[in-house]
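What the coordinates show
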Amino acid sequence: MEAAEKEEISVKDEAVDKNIFRDCNRIAFYRRQKQWLSKKSTYQVLLDSVTTVEDSTRFQIINEASKVPLLAEIYGIEGNIFRLKINEESPLKPRYEVPDVLTSKPSTVRLIPCSGDTGSLILADEKGDLKCHITANPFKVDLVSEEEVVMSINSLGQLYFEHLQILHKQRTAKENEEETSVDTSQENQEDLGLWEEKFGKFVDIKANGPSSIGLDFSLHEFEHLYGIPQHAESHQLKNTEDGDAYRLYNLDVYGYQIYDKMGIYGSVPYLLAHKLGRTIGIFWLNASETLVEINTEPAVEYTLTQIGPVAAKQKARSRTHVHWMSESGIIDFFMLTGPTPSDVFRQYSRLTGTQAMPPLFSLGYHQCRWNYEDEQDVKAVDAGFDEHDIPYDAMWLDIEHTEGKRYFTWDKKRFPNPKKMQELLRSKKRKLVVISDPHIKIDPDYSVYVKAKEQGFFVRNQEGEDFEGVCWPGLSSYLDFTNPKVREWYSSLFSFPVYQGSTDILFLWNDMNEPSVFRGPEQTMQKDAIHHGNWEHRELHNIYGFYHQMATAEGLIQRSKGKERPFVLTRSFFAGSQKYGAVWTGDNTAEWSYLKISIPMLLTLSITGISFCGADIGGFIGNPETELLVRWYQAGAYQPFFRGHATMNTKRREPWLFGEEHTRLIREAIRERYGLLPYWYSLFYHAHVASQPVMRPLWVEFPNELKTFDVEDEYMLGSALLVHPVTEPKATTVDVFLPGSNEVWYDCKTFAYWEGGCTVKIPVALDTIPVFQRGGSVVPIKTTVGKSTGWMTESSYGLRVALSTKGSSVGELYLDDGHSFQYLHQQQFLHRKFSFCSSVLINSSADQRGHYPSKCVVEQILVLGLRKEPSSVITHSSDGKDQPVAFMYCAKTSTLSLKKLSLNIATDWEALIWLGMRQNITTYQSHHDAHGSTDPSGSLLPAVSSVLAASTLQPSLAHTSSHQASST
């Protein structure tokens, strides 16, 4: 091991040292903006400058002190979205505008000017329901929905825009002196960091001077805000104080501190606000370092604000102010007007894309460690899962698998035959995931380095030489992924002829891509480093990892000639990263508090577009106590990305190393995950096509229930399952809030049920994780679990039907080959809908376009909440066959169990639960009339009559819950 590497590992043996990271008061642009805003200098709109072009309305904004004009552009975008851009009208050179994040140029809609008073401009959408009311002096924009002001922009006068100036080295002493006297007002120029900024031993040279921007938003009657990952913080955003803003700056923070607003590995500058009856979003499209301040003020007196000819109501209202500050770039933001959470999710995905449809294997369990030592170690661990009957899908190799940390290579002593190792995994229908980081070891004998250097593919320093920094290989250069040619070349490295020893079961993990530079300022790249297009690193820091993952995913797609879906996990991310794969929460610690914080961290990622997210099971750093490890497996089994991982100086922690009883508990948790894979896969399909998060905070499913707005210790998986992980040691009970006064909930383990709208005290042993199915839902499961997802392709399905208070349920199943793009290009998929109504369960097509030749059958059906025992059950298939079904009914739990069925999942069929001749003939006929039938001739009715001839009449199904737990 090299000396530099040893040094860095020893540094990383302890949790985060906050002295090497800056707080807000040590960030110059923050200090400048706070000082300048205290002077209350205002901007105004020059109304005589208003012009309308094809897709936008433009006007000048001018500062009363500087008199230098800014150009503002307002766009209406399809889907009830507004965009506002503010830039210098005549900058010395172009300012950075973030490319590639938006999936395409947004489709605009015409904004219609409306009559207003002499000091304003009103722009409305074609329906007239949404308006932008622009006040000229001082400059302010009100977003009005149905005559209510929803959001105000610059109402606090915090618009801030630093203009680019003549290159520092070209300025005369006199110009510097004049600039100092104008801008600093006797303040110390060095303190304000105008032309250079010092942090420790590092000096950041700003060739064009200060270039930061800022703007405030006031959200009317919104007190609950969420979003702007990534922070190890609560799900609901907190009020900030001076010097305590949320920081969006991607950093390699080992053992990050929890309940802290410091930036860690990724940044999504996107915030959602929610109140009863409305959800809105703000997407701040800026990739430079960004700070966000939040302040909620209490309700103000009732007022009427004149908005043109209409008096907009402003009752006694609270307001939450959000102040965005970025180091450079332009002001470019989108107002997502909702009004529902689902609408906001769709609006954001319309801009940045939806979650990539993952290959099925990636939803299974992943086994990782820094590092599995060699091929024998991999073989032994793989065999251990089989020996202990624990399913898993992917073995992972960290940096030690390479030859001296040279990516795309193999250590010849440890991994002399990587293809043979992969063939072993393939025989078990498993995959291999290996690491590939953005730093490239400086080595004239390393072909990747040599080719990249020859083509000028590295980030450069101020002198025009390749930027050099220390990371795991020692001295390294960093690929400039912002350059499309670099991404294209990097993608080519994954082809089988180039990446020797790789096969089509090898997938990728991108780490250290913040980018991490061990001896750089805050352990990252200097801001004055130079990228493609001569952009400084400061402009695009937060998007670097986004481009790395993009290039990796594209490489895997190209490797398969466009046929196979990639799987790429990344640590660093930005808005839109969901298009390329998965994200995890980085270097967490083996402590209960980190298990607990993982829930709000993942909820925040989920609502900001990144559904495929997870936290390392057991904690990456340190050795978890056995109880904690078990609880973490139980929690992780119900979180989207499910991986066990540990750092190199921890004890081995494969699932069977903690005694037979704990092995059993971990096995049960993992097997429970595999049983639910049909539901997981269906949820990811909805995330992919309809932008709905997989893991959801309660307020998303219950947006009009105030009690849900700050819940972060439990969550919904889709709309059907509520999960409350146990996150406290030695817990014997857990208080679970079951939302919805008109809902009913069923314990997935005991089948006990509760009415919603209350908190119930659930007893928990070490084998218990409280999971509840929502009444009115149907959850598809697999009835048998195999060694991996590949072993379960043809295994049978079960349906868990949980009845609502009205005795009905609906659910879905999405199915395709699990690995290719044929679902997209050839419509090779099945999308089935299950509905239970009037005592009839129907399997029908939810999307007639799809076709997939599945031979799988529904083998079991479990109906929860059936209050009366049926007299008989009949299945009716699309081929006209009727089949009586043996059943078991448990009066104690009100459950009906049907087993040994053989109902093809891909064809239409019905299961009829007969509660008496008179009732069922009537309910079936009404059902037939309302929904149609697989037997349009109606020939089922005579067959039914003969079966029912000996039946006794029974009362109709009425689901009135009588069982209720003790509530608090």
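Our subject in this report is the structure included herewith. Keep in mind that this is a model prediction, so the values were computed, not measured.

It is worth spelling out helix α14 (residues 660–675) at this point. Helix length check: α14 (16 residues) gives 22 Å between terminal C-alpha atoms against 22 Å at 1.5 Å per residue, within 8%. Looking only at α14, the buried set comprises Thr 663, Leu 665, Ile 666, Ala 669, Ile 670, Arg 673, Tyr 674 and Gly 675. In the core, the buried residues of α14 are packed alongside β24 (365–367), α13 (626–636), β36 (642–644), α15 (677–690) and β45 (777–782).

Phe 283, Leu 479, Ile 543, Phe 567 and Leu 717 are the most contacted members of the largest nonpolar core, which has 171 residues in total. Examining the composition of this core, we find that 10 residues originate from one element, helix α12 (residues 592–607), more than from any other. Ignoring any residue separated from it by four or fewer positions in sequence, one finds Phe 283 in contact with Val 101, Leu 102, Pro 269, Tyr 270, Asp 332, Phe 333, Phe 334, Tyr 348, Leu 351, Thr 352 and Ala 575. In terms of nonpolar packing, the next biggest core, distinct from the first, is built from 47 residues, Phe 82, Leu 219, Ile 228 and Leu 237 among them.

In this section: the environment of Asn 843. Along the chain, Asn 843 falls in strand β49 (residues 840–845). The sequence separation of Asn 843 and Gly 811 amounts to 32 residues, and the corresponding C-alpha distance is 9.7 Å. Those residues in contact with Asn 843 that sit more than four places away from it in its chain are Arg 832, Lys 833, Phe 834, Asn 904, Ile 905, Thr 907, Asp 908 and Trp 909. A distance of 3.0 Å separates a polar side-chain atom of Asn 843 from the backbone oxygen of Thr 907.

Attention shifts here to the sheet that holds strand β25 (residues 394–397). Through backbone hydrogen bonds, the strands of a sheet pair up, either in parallel or in antiparallel fashion. Taking strand neighbours across the sheet as the criterion, the 8 strands line up as β35-β34-β33-β30-β26-β25-β24-β36 in an open arrangement whose pairing is parallel. At either end of the open sheet lies a strand with only one pairing partner, and these are β35 (613–614) and β36. Of the strand pairs in this sheet, strand β34 (residues 582–584) and β35 are connected by 2 bridges, and their pairing is parallel. Residue pairing in the sheet places Trp 584 in a bridge with Gly 614 of β35.

It is worth spelling out the pattern of salt bridges at this point. Note that side chains of opposite charge can pair when their charged atoms are close. Under the counting rule described, the total for this entry stands at 59 salt bridges. The residue Asp 55 makes a salt bridge to Lys 105 at a minimum N-O spacing of 3.9 Å. Separated by 50 residues along the polypeptide, Asp 55 in the loop between β1 (43–52) and β2 (57–63) and Lys 105 in the loop between β4 (81–88) and β5 (108–109) bring together distant segments of the chain. For Glu 233, the salt bridge is made with Lys 261, and the minimal N-O distance between the two is 3.8 Å. Linking Glu 233 in the loop between β15 (224–227) and β16 (246–248) with Lys 261 in the loop between β16 and β17 (270–275), this pair joins segments that are 28 residues apart in sequence.

What follows is about the sheet that holds strand β28 (residues 468–471). Judged by pairing direction, the sheet is antiparallel, and its 3 strands sit side by side in the order β27-β29-β28 without closing on themselves. Across the chains shown, the open sheet's two edge strands, defined by having one partner strand only, are β27 (439–441) and β28. Across this sheet, the average inter-strand angle for adjacent strands is 55°, counted without regard to direction. Sheet topology note: the β27/strand β29 (residues 474–478) ladder contains 3 bridges and is antiparallel. What sits directly across from Lys 441, in β29, is Ser 476.

Let us now look at unusual backbone geometry. Cis geometry is adopted by the peptide bond preceding Pro 339, which originates at Gly 338 and carries an omega value of 15°. Position of Pro 339 relative to the elements: it lies in the loop between β23 (331–336) and α5 (341–352). With an omega of 10°, the peptide bond between Trp 370 and Asn 371 qualifies as cis. With respect to the helices and strands, the residue Asn 371 is situated in the loop between β24 and α6 (375–387). Although it is not a glycine, Phe 408 adopts a positive phi angle of roughly 75°. Note that Phe 408 resides in the loop between β25 and α7 (418–427). The exposure class of Phe 408 is buried, given its relative accessible area of 10%. At Lys 900, a residue that is not glycine, the phi angle is positive and equals roughly 55°. Position of Lys 900 among the secondary structure elements: in the loop between β54 (895–898) and β55 (903–904).

Between its first and last C-alpha, α6 extends 18 Å over 13 residues, near the 18 Å set by a 1.5 Å rise per residue. Here the buried face of α6 lies against β24, β25 and α7. Capping the start of α6, Asp 374 holds a side-chain oxygen 3.2 Å from the backbone nitrogen of Gln 376, two or three residues further along. Two residues or fewer past α6, Asp 389 is found with a positive phi of approximately 55°.

Bringing the side chain of Lys 782 into the picture now. Here Lys 782 lies in strand β45. The buried charged residue Lys 782 lacks any salt bridge partner; its closest oppositely charged side chain belongs to Glu 794, at an N-O distance of 7.3 Å. A polar atom in the side chain of Lys 782 sits 2.9 Å from the backbone oxygen of Met 792. When neighbours within four sequence positions are excluded, Lys 782 is seen to be in contact with Tyr 674, Gly 675, Pro 678, Met 792, Thr 793, Ser 795, Ser 796, Tyr 797 and Cys 856.

Mapped onto the elements, Ser 611 comes out in the loop between α12 and β35. Ser 611 gets classed as buried once you look at its relative accessible area, which sits at 3%. Distance in space between the C-alpha atoms of Ser 611 and Leu 683 is 9.7 Å, their sequence separation being 72 residues. Residues in contact with Ser 611, not counting those within four places in the same chain, are Gln 355, Ser 606, Pro 640, Phe 684, Ala 687, Gln 692, Pro 693 and Val 694.

Conventions used here
The residue numbering used here restarts from 1 in each chain and proceeds along that chain's sequence as written. Reporting in this predicted model follows two pLDDT cut-offs: at least 70 for local features of residues, and 80 or more for side-chain atom pairs to be given and counted; totals over whole chains, interfaces and linings ignore these cut-offs and use all residues. Neither water nor hydrogens contribute to the side-chain values; these are computed over all heavy atoms in the structure. Here a strand is any run of E in DSSP of at least two residues, a helix any run of H or I of at least four, and the numbering for each starts at the N terminus. Expected span of a helix, by definition, is 1.5 Å for each gap between consecutive residues, and there is one gap fewer than residues. For every residue, the accessible area (1.4 Å probe, protein chains only) is compared with the maximum for its type, and the residue is labelled buried under 20%, exposed over 50%, or partly exposed between those bounds. In what follows, a contact means two residues having at least one pair of non-hydrogen atoms within 4.5 Å. We define the nonpolar core as a collection of buried residues of types Ala, Val, Leu, Ile, Met, Phe, Trp, Tyr and Cys that are connected through side-chain atoms lying within 4.5 Å of one another. Here a polar contact means two N or O atoms within 3.5 Å. Within protein one must be a hydrogen donor candidate and the other an acceptor candidate, and residues neighboring in sequence count only if both atoms are side-chain atoms. Note: two strands are recorded as paired if DSSP finds a minimum of 2 bridges between them. A carboxyl oxygen of Asp or Glu within 4 Å of a side-chain nitrogen of Lys or Arg is what we treat as a salt bridge. Helix axes are fitted only over the stretch in contact, all axes being lines through C-alpha atoms; the angle between N-to-C directions runs from 0 to 180 degrees. Counting rule for charge: Lys and Arg are taken as positive, Asp and Glu as negative, and neither His nor the chain ends is counted.

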